[in-house]
Amino acid sequence: METRKDRFNRIASKRTNEIIEKLRILGNCSNRSTYEYTKEDVDKIFNTINQELKDTRAKFSSTKRTKFV
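Please read all numbers here as calculations on a predicted model, not as lab measurements.

## Here's the deal with the pattern of salt bridges
Then step 1. Summed over all chains, the structure comprises four salt bridges.
Then step 2. A salt bridge links Glu2 to Arg10; its shortest N-O distance comes to 2.8 Å.
Then step 3. Judged by its relative accessible area of 47%, Arg10 falls in the partly exposed class.
Then step 4. For Asp43, the salt bridge identified is with Lys39, shortest N-O distance 2.7 Å. Highlighted residues: Asp43 and Lys39, both in helix H2 (residues 39–61), separated by four residues, approximately one helical turn.
Then step 5. Judged by its relative accessible area of 57%, Lys39 is exposed.

Each value, and the rule that gives it
Along each chain, residue indices are assigned from 1 in the same order as the chain's sequence is written. This being a predicted model, a pLDDT of at least 70 is required before a residue's local features are given, and a value of 80 or more before pairs of side-chain atoms are given or counted; all residues contribute to the totals for chains, interfaces and linings. The basis for every side-chain value is the complete set of heavy atoms in the structure, and neither hydrogens nor water enter the calculation. Salt bridges are defined by distance alone: a side-chain nitrogen of Lys or Arg within 4 Å of a carboxyl oxygen of Asp or Glu. In this scheme, a residue with accessible area under 20% of its type's maximum is buried, one over 50% is exposed, and one in between is partly exposed, where area comes from a 1.4 Å probe on protein chains only. Elements are defined by DSSP. Helices are runs of H or I of four residues or more, strands are runs of E of two residues or more, and each kind is numbered from the N terminus.

Okay, here's the thing in structure tokens:
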């Protein structure tokens, strides 16, 4: 039987790896011989990513934790 901790580790690891892979793919857009973009375009992308990261991290820090017995 899989514990809640084991399930968290399995799923969180898979999702983290997927996010890292997507960031690597996003990095391919930096190729100036294929794409055209401005500093503002890049800032908008990374500001959005940083905000989502901050929001997600806050969920893990929340004092509102529900514990099931």
